[in-house]
Amino acid sequence: MSTVPRACVIGWPIEHSRSPLIHGFWLKSYGIEGSYTKQAVHTDDIEAFLLNIAGHGFVGANVTVPHKRVAFSLADHREPSAVAVGAANTLWLDDGHLCAENTDTFGFMTYLGLKAPRWRELDGPVVILGAGGAARAIAFGFLEAGVSDVYILNRTRERADSLAAHFSGRVKTYDWQARNTAAEGASVLVNTTTLGMSGMPEIDIDLADMPAGGVIADIVYSPLETELLSRARKIGLVTVDGLGMLLHQAVPGFERWFGVRPRVTPELRNLVVEDLRSLKS
Ligand code: ATR
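Parameters and conventions
- Residues numbered from 1 in each chain as written.
- Predicted model: local features only at pLDDT ≥ 70, side-chain atom pairs only at ≥ 80, totals over all residues.
- Heavy atoms only, no water.
- Helix = DSSP H or I, 4+ residues; strand = E, 2+ residues; numbered from the N terminus.
- Buried < 20%, exposed > 50% of the residue type's maximum accessible area, 1.4 Å probe, protein only.
- Contact = heavy atoms within 4.5 Å.
- Areas by Shrake-Rupley, 256 points an atom, 1.4 Å probe, with all protein chains shown as cover.
- Lys, Arg positive; Asp, Glu negative; His and termini not counted.
- Charge placed at Lys NZ, Arg CZ, Asp CG, Glu CD.
- Near = heavy atom within 4 Å.
- Polar contact = N/O pair within 3.5 Å; in protein donor to acceptor, adjacent residues only side chain to side chain.
- Nonpolar A, V, L, I, M, F, W, Y, C, P; charged D, E, K, R; others polar.
- Axes fitted to C-alpha atoms, helices over the stretch in contact; angles between N-to-C directions.
- Parallel < 35°, antiparallel > 145°, perpendicular 65-115°, else oblique.
- Left-handed = near helix turned anticlockwise from the far one by under 90°.
- Core = buried A, V, L, I, M, F, W, Y, C linked by side-chain atoms within 4.5 Å.

Visitor: Explain the overall build of the protein chain to me, using residue names and the numbers behind them.
Guide: Assigned secondary structure in the protein chain consists of 12 helices and 12 strands. In terms of its C-alpha atoms, the protein chain occupies a principal-axis envelope of roughly 60 × 40 × 35 Å. Looking at the 281 residues of the protein chain, the share that counts as buried comes to 51%. For the protein chain, restricting intrachain contacts to residue pairs at least 6 apart in sequence, the fraction spanning at least 24 positions comes to 66%. Summed over all atoms, the accessible surface of the protein chain reaches about 13000 Å², with 51% contributed by carbon and sulfur. Between the averaged position of the 26 positive side-chain charges in the protein chain and that of its 31 negative side-chain charges there is a distance of 3 Å.

This is the structure in structure tokens:
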């Protein structure tokens, strides 16, 4: 039997996933014998698949839409990151036990630290737009970093409120209509909604009164520079794109499966940028 480690990304659909490109780049760069492939698994089959990852020949996997919650619930062991978000995107086996982690928090906070290293020095709340899984992961990151004022604004207020309840009221929620006022005093403003993604409307928010040195982060990475980031850059705010989060969230999984902590390099970033560009043309 081959001992070459194999990992995969599991989703439905899965064609769009950039993860094989990222992990394939690292496998090649570090000269590791192993593989990382796409696995299209339907909702009807996901439970059986995840409970028999080893039987399918894998040492672990990334999990994407729509399976992140079921992956979390089936795991024998859950890292605090997965518990905080209530969803898992990274799985591995430890002595036959299925272990789950959520690396979105790590991915976002690592890249924020690299692109906006002074974000903690700014006064004012952190404002998060949106209340889906990504908003949860990012809110957890700021809470863990010790930020006392985290505000969530979402079109559907109830989803924001349920996110706040999940964090025992440690984040505050406001109506979506209050976004301009919230932006005025924000130290960091993060878009986790799908607004600004190719094919979606732009996000309607006024950035003119954000404090000097304020940070705007967008988790949308297609386009790479969203209209929100472009406006922010033009008025001198610090911008953090969504591609960095995508690249950095892949690091912990690769290390667990293949035993090397990989680096996010300009070469890797260029490779993914080119791939995104080629899809558009
Ligand atoms: P994920 O879990 O990947 O973070 P999601 O659950 O699909 O993403 O969430 C998408 C986010 O974009 C939600 O916060 C959604 O708001 P609702 O909860 O009200 O649906 C937000 N969103 C999508 N379209 C929007 C729009 N036209 N205006 C404002 N917010 C929008």
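Text resumes after the structure shown.
Visitor: Pulling in residues and values, what's your account of the site of the ligand?
Guide: By nearness alone, 14 residues border the ligand, and G133, N154, R155, T156 and R159 come closest of all. With respect to the ligand, the backbone of A134 contributes an N or O atom lying 3.1 Å from an oxygen atom. Between an oxygen atom of the ligand and a side-chain N or O atom of R155, the distance comes to 2.9 Å. Across the complex, the protein chains shield 71% of the 650 Å² of accessible surface that the ligand would expose by itself. Broken down by class, the residue content of the shell around the ligand amounts to five nonpolar, seven polar and two charged.

Visitor: With reference to specific residues and values, describe the packing of helix α6 (residues 133-144) against helix α7 (residues 157-166).
Guide: It is at 11 Å that the axes of α6 and α7 come closest, and there the two elements cross at 40°. Relative to α7, the element α6 lies oblique. Where α6 crosses over α7, the handedness of that crossing is right-handed. Only S162, L163 and H166 of α7 make contact with α6, whose side of the interface consists of A135, R136 and A139.

Visitor: Any chance you could break down the nonpolar core for me, citing the residues and the numbers?
Guide: Counting 32 residues, the largest nonpolar core has F108, L112, W119, I128, F142 and I152 as its most contacted members. Among the elements that make up this core, the one with the highest residue count is α6 (seven residues). Residues within four places of L112 in sequence aside, it is in contact with P117, W119, F142, V215 and V240. If you look at the next biggest cluster of nonpolar residues, it comprises 22 residues, including I14, V251, F258 and L276.

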